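Listed here are the chains, written in short residue letters.
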Amino acid sequence: MRAEGEMTTEIDYYELLEVERTADGAAIKSAYRKLAMKYHPDKTGGCTDSEAKFKAVSEAYDCLKDPQKRAAYDRFGHAAFKQQQQGGGGGGFHGGAGGFSDLGDIFETIFGQAGFGGGGGGRQQQRRGADLRYDLEISLDEAYHGKKTEIEIEVSAACDSCEGSGAQPGTGVKTCGTCHGHGQVRAQQGFFVVERTCPSCHGAGQVIESPCKSCRGEGRVDRPKTLSVNIPAGVDEGTRIRLSGEGEAGARGAPAGDLYIFLHVKRHSIFERDGTTLFCRVPVSITTAALGGMIEVPGLDGQRHEIKIPSGIQSGKQIKQRGAGMPVLNGRGQGDLVVQVDVETPTKLTAKQRELLEAFRETETGEECPQSSGFFGKLKELWGD
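Quantities reported herein were computed from a predicted structural model and do not represent experimental measurements.

The rules we used
- Residues numbered from 1 in each chain as written.
- Predicted model: local features only at pLDDT ≥ 70, side-chain atom pairs only at ≥ 80, totals over all residues.
- Heavy atoms only, no water.
- Helix = DSSP H or I, 4+ residues; strand = E, 2+ residues; numbered from the N terminus.
- Buried < 20%, exposed > 50% of the residue type's maximum accessible area, 1.4 Å probe, protein only.
- UniProt positions renumbered as here; feature names shortened; annotations may be inferred.
- Pairing = 2+ DSSP bridges.
- Axes fitted to C-alpha atoms, helices over the stretch in contact; angles between N-to-C directions.
- Patch = residues over 30% accessible without salt bridge, like charges linked within 9 Å, V, L, I, M, F, W, Y side chains within 5 Å.
- Areas by Shrake-Rupley, 256 points an atom, 1.4 Å probe, with all protein chains shown as cover.
- Salt bridge = Lys/Arg side-chain N within 4 Å of Asp/Glu carboxyl O.
- Phe/Tyr/Trp six-rings, centres within 6.5 Å; stacked < 30°, edge-to-face > 60°.
- Lys NZ or Arg CZ within 6 Å of the ring centre and 35° of its normal.

1. Points about unusual backbone geometry
Keep in mind that most residues, glycine aside, have a negative phi and that most peptide bonds are trans. Within the chain, His 180 stands out as a residue other than glycine whose phi angle is a positive 60 degrees. With respect to the helices, strands and loops of the structure, His 180 is situated in the loop between β5 (173–175) and β6 (184–189). Accessibility expressed as a relative area gives 59% for His 180, which makes it exposed.

See the structure below:
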């Protein structure tokens, strides 16, 4: 018990964890683990000062790892979490004179948890582990056919030593003395009866008697993990695959989060893609463009698709081959293949080829040429020739 009038000094949470106020979640987590290992009672032989320090850094980490608690602490400091006894009701009321950061917290607590009156509170549900993201790059061929692959991730998994309970093997948990197992502490403010999560057990209703040495009471440890992933045919850039329960393990046996795999498709040397449509550019000789013919285009399906080139086709013209594009994801059918014709001009000619082209040019610009009434005919009219 603290003597009446005695002053206490509250150390800043950021100073306790030896991090800057701008530190991100990863830096805060790293700092906590370092200090927790340094001051853990099992490593200090039960030193009273070290045990107090361990509890202090644990309290600081519990606040700063939660975005909502951290925001409240940054705004109000320790006053955001103080217990104050209010007349007429039992239990602690957290939040200082103001209590809650906004009215939404009050109504959520009253109507969502406690209701009016004085019925007993309930134990808070365990918080599930965080969802994780993994970025996976695949080729366009793999996106076309689909594939099964394996990935390796570093993830928080249930501790093998304590089987996720957080308690040292051979020991157990006991009912929280602050909330008496309810997971909530109550207070009365005027005619309101409000409840908040117990600061001692964080809503679990129980506290660990002797924390597990392997996971330091967290019930989870970081370890590499290999997972099998099934990529369906037809996936596209940004397609998301969800692996349920493969995310971060929940603390002290709580359910694990999910793992979301985001796919990125590498550029192909020949094909470009727009949804289920494939595009490619195909060089065509000047004679094939003039006279017409057939060309073959190798598809992603392993087949050679015959494309009919009409006579007189111009460079840049597109020809559509239906059903030769990408598969429809989780559906039936396929998109189209669009071939853009690029007419190639020969750079080296034999004497015979040059002679024939010269003869063709003479007929092309002569009186008898059907095109003389077109572009060249209009030029003659313009020049008066």
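Moving on, there is more to tell.
2. Focus on the UniProt feature "repeat: CXXCXGXG motif" (unreviewed entry) in the protein
Within this numbering scheme, the UniProt entry marks residues 159–166, 176–183, 198–205 and 212–219 as carrying the feature "repeat: CXXCXGXG motif" (unreviewed entry). With 0% helix and 0% strand, residues 159–166 has its two end C-alpha atoms placed 8 Å apart. Segment residues 198–205 splits into 0% helix and 0% strand. End C-alpha atoms: 8 Å apart.

3. Re the sheet that holds strand β13 (residues 277–285)
Judged by pairing direction, the sheet is mixed, and its four strands sit side by side in the order β12-β13-β17-β16 without closing on themselves. The open sheet has two free edges, formed respectively by β12 (272–274) and β16 (318–321), since each of these has just one partner strand. Going across the sheet, the axis of each strand differs from the next one's by a mean of 30 degrees, ignoring polarity. Pairing of β12 with β13, which is carried by three bridges, proceeds in the antiparallel orientation. By the bridge assignment for β13, Glu 272 is matched with Phe 279.

4. Some details on the pairing of strand β11 (residues 259–265)
Extensive coverage of β11 is indicated by the burial of six of its seven residues. As paired strands, strand β3 (residues 132–138) and β11 are joined by seven bridges and run parallel to one another. In the strand pairing of β11, Ile 138 is matched with Val 265. Taken together, the four bridges between strand β10 (residues 240–243) and β11 define a ladder with antiparallel strand orientation. The residue of β11 that forms the bridge with Arg 242 is Tyr 260.

5. A word on a nonpolar patch on the surface
Taken together, Leu 349, Leu 357 and Phe 360 make up a surface patch of nonpolar side chains, about 270 Å² in accessible area. Structurally, Leu 349 can be placed in the loop between β17 (337–344) and α9 (351–365).

6. Here we look at the packing of aromatic side chains
Applying the stated criterion across every chain yields a total of three aromatic pairs. Taking the centre distance of 6.2 Å and the plane angle of 45 degrees together, the rings of Tyr 14 and Tyr 73 count as tilted. With Tyr 14 in helix α1 (residues 13–17) and Tyr 73 in helix α5 (residues 67–76), this residue pair connects regions lying 59 residues apart in the sequence. Looking at Tyr 14, the relative accessible area reads 2%, which means it is buried. Exposure remark for Tyr 73: the relative accessible area of 3% places this residue in the buried category. Summarising the aromatic geometry, the rings of Tyr 32 and Tyr 61 are spaced 4.2 Å apart at their centres and angled 5 degrees between planes, so their arrangement reads as stacked. Placement of the pair is Tyr 32 in helix α2 (residues 25–39) and Tyr 61 in helix α4 (residues 48–64), with a sequence separation of 29 residues. Classification of Tyr 32 by relative accessible area gives buried; the value is 7%. Each member of the aromatic cluster is reached from another via a ring pair, and the members are Tyr 13, Tyr 14 and Tyr 73. Over the ring of Phe 262 we find Arg 133, and its NZ or CZ is 3.9 Å from the ring centre.

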